[in-house]
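Structural overview for review
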Amino acid sequence: MGAESASYELSVTTQGPLYPPSEVMDPDGNFVVIGYVNRESADGGVTSQWGSAIVAADSTLPELGGTAPYRIVRELGPRLSALDESLVLHTLPLPLPCTNYPEVFAPDQLADPFSVVRPSYAFHEVPLADLRPEDGPKVTEPITLGQWVQAAGEVRVTLADGGRAADFHCDFTGLLPNNLYTVMSVRRRDLDPAGPVRPGPLGVPNVLISDHKGNGSYHARMPNPFPDPEVAAGDRIMNVVLLWMSYQQNYVGAIGRFGLGGDVHAQLKFRGPSFTEFVTHA
């Protein structure tokens, strides 16, 4: 018999999968990585340990499922310097650099995102669709790394409907105030090298707007999110990711049009697969 409920603390991040190394860039076009940093090991292999660094966009790109050492421009360290706190954050350019993920995130809305060419934008300068100055945009000042790392969150999971569903209750603090966020689920097969599946939202709609203090909350009931891991077809939810939406849009059944730093930017997630104590059924 599995667990009935549990709570988990999220970690601040800038990273989705390992490639691209981050979903956030600095003004010089380098990745700002808070997450798993790939380094060369003493035996010539690769180690991935949670940390933070500025990583070059021309880092070696392996096949999906592989790893290679990042080309580290400089370390950020466990405590940011005043200079690093003031670093202005940017989107990734399009096509996305240093990515090996082949899936289209929004096939009904944008079937060929790899053909779109756009520069890297400072978060506060992203060209929002149909926006006029008199419409009152809320993101008008630079967003810095020091602001970004203030985020924190908790996810509480409780089985429901006799084990056929689970409730996800999420509470967040330290977010960018008055901003649009969405909540994403990561399933077992999303990063399967033999056949990846595009990630999806944690419920629809999966939207929250932080308040003026940067607080927010979210709830979703998901049908059979934790099928028996011994069943090959069981595509379990393994992680929950809070995404800041740089284009201030939601894409319903898709988490974004470009994904992976193009228009979605992971700010909170678990460091590894979670929810192993739960089993649900159809």
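Residues numbered from 1 in each chain as written. Predicted model: local features only at pLDDT ≥ 70, side-chain atom pairs only at ≥ 80, totals over all residues. Heavy atoms only, no water.

Considerations on the overall build of the protein chain
Cut-off, in case you're wondering: The way it works is that DSSP assigns letters per residue, a run of H or I at least four long becomes a helix, a run of E at least two long becomes a strand, and they are numbered from the N terminus. For a compact globule the rule gives 2.2 Å times the number of residues to the power 0.38, and the radius of gyration it is set against comes from C-alpha atoms. The rule is simple: take the accessible area with a 1.4 Å probe, protein chains only, and divide by the maximum for that residue type; under 20% is buried, over 50% is exposed, in between is partly exposed. Every residue pair with non-hydrogen atoms within 4.5 Å of one another is taken to be in contact. The method behind every accessible area is Shrake-Rupley, applied with a 1.4 Å probe, and residues are considered shielded solely by the protein chains displayed.
If you tally the helices and strands in the protein chain, you get two helices and 13 strands. Here the C-alpha radius of gyration of the protein chain, 18 Å, is about what a compact globule of 282 residues would show, namely 19 Å. When the 282 residues of the protein chain are sorted by exposure, 50% land in the buried category. If you take every contact in the protein chain between residues at least 6 apart in sequence, the share linking residues at least 24 apart comes to 70%. Just so you have it, the protein chain exposes about 12,800 Å², and 52% of that area is on carbon and sulfur atoms.

A few points about the sheet that holds strand S5 (residues 72–75)
Put simply, the test is: Pairing between strands requires that DSSP locate at least two bridges from one strand to the other. Here an angle of 0 to 180 degrees is reported between the N-to-C directions of two axes, which are lines fitted to C-alpha atoms, with helices fitted over the stretch in contact.
With respect to topology, three strands assemble into an open sheet ordered S3-S4-S5, the strand pairing being antiparallel. Both outer strands of the open sheet, strand S3 (31–40) and S5, are each paired with one neighbouring strand and no more. Averaged over neighbouring strand pairs, the angle between their axes works out to 60° when direction is ignored. Where S3 lies against strand S4 (residues 46–55), 10 bridges are found, and the strand directions are antiparallel. When the sheet's bridge partners are listed, Val33 is paired in S4 with Ala53.

A short note on the packing of aromatic side chains
Selection criterion: Here a pair means two rings of Phe, Tyr or Trp (six-membered ring of Trp) with centres within 6.5 Å. Their orientation is stacked below 30 degrees between planes, edge-to-face above 60, and tilted elsewhere.
Tallying each qualifying case throughout the model produces 14 aromatic pairs. Between Phe168 and Phe226, the ring centres sit 5.9 Å apart and the planes meet at 45°, which makes this aromatic pair tilted. Placement of the pair is Phe168 in strand S7 (residues 165–173) and Phe226 in the loop between strand S11 (216–223) and strand S12 (237–245), with a sequence separation of 58 residues. Accessibility expressed as a relative area gives 0% for Phe168, which makes it buried.

As for the sheet that holds S7
Spatial strand order, S1-S6-S7-S11: four strands in an open sheet with antiparallel pairing. Looking at the sheet topology across the chains shown, the edges are occupied by strand S1 (5–9) and S11. Here the strands of the sheet are splayed against their neighbours by 15° on average, with no regard to which way each runs. Direction of pairing for S7 relative to S11: antiparallel, over a ladder of eight bridges. When the sheet's bridge partners are listed, Ala165 is paired in S11 with Pro223.

Digging into the pairing of strand S13 (residues 264–269)
The buried fraction of S13 is high, at six of six residues. Looking at chain direction, strand S2 (residues 11–12) and S13 are connected through two bridges and run antiparallel. Directly across from Ser11, in S13, lies its bridge partner Lys269. Sheet topology note: the S12/S13 ladder contains four bridges and is antiparallel. Looking at the pairing, Met245 lines up with Val264 of S13.

Some remarks on the pattern of salt bridges
Spelled out, the test is: When a carboxyl oxygen of Asp or Glu lies within 4 Å of a side-chain nitrogen of Lys or Arg, that pair is called a salt bridge.
Counted by the stated rule, this structure contains 10 salt bridges. Asp135 serves as the salt-bridge partner of Arg132, at 3.0 Å between the closest nitrogen and oxygen. You can call Arg132 partly exposed: its relative accessible area is 47%.

Observations regarding the nonpolar core
To keep it simple, the criterion reads: In these notes, a set of buried Ala, Val, Leu, Ile, Met, Phe, Trp, Tyr and Cys residues joined through side-chain atoms within 4.5 Å is what counts as a nonpolar core.
With 42 residues, the main nonpolar core has Leu145, Val157, Phe168, Phe172, Leu202 and Phe275 as its most contacted residues. Elements that contribute at least two residues to this core include exactly S1, S3, helix H2 (145–148), strand S6 (152–160), S7, strand S8 (180–187), S11 and S12. In this view, Phe172 contacts Leu10, Ala152, Gly153, Leu208, Gly214, Asn215, Gly216, Ser217, Tyr218, Leu242 and Leu268; residues no more than four positions away in its chain are not counted. Core analysis: the second largest hydrophobic core is formed by 34 residues, Tyr70, Tyr101, Phe105 and Val126 among them.

As for the environment of Pro229
The topology assignment puts Pro229 in the loop between S11 and S12. Judged by its relative accessible area of 39%, Pro229 falls in the partly exposed class. Linking Pro229 and Thr276, residues 47 residues apart in sequence, is a C-alpha distance of 8.7 Å. When neighbours within four sequence positions are excluded, Pro229 is seen to be in contact with Arg188 and Arg236.

Some points on unusual backbone geometry
Looking along the chain, the bond that leaves Tyr19 and enters Pro20 is cis, with omega of 0°. In this structure, the amide linkage connecting Val204 to the following residue, Pro205, adopts the cis form with an omega of 0°. By secondary structure assignment, the location of Pro205 is in the loop between strand S9 (200–201) and strand S10 (207–209). For Cys98, which is not a glycine, the phi torsion comes out positive at approximately 55°. Relative to the helices and strands, Cys98 resides in the loop between helix H1 (82–85) and H2. Here the phi dihedral of Asn224 falls at roughly 40°; this positive angle occurs in a residue that is not glycine. Asn224 sits in the partly exposed class, given a relative accessible area of 21%.

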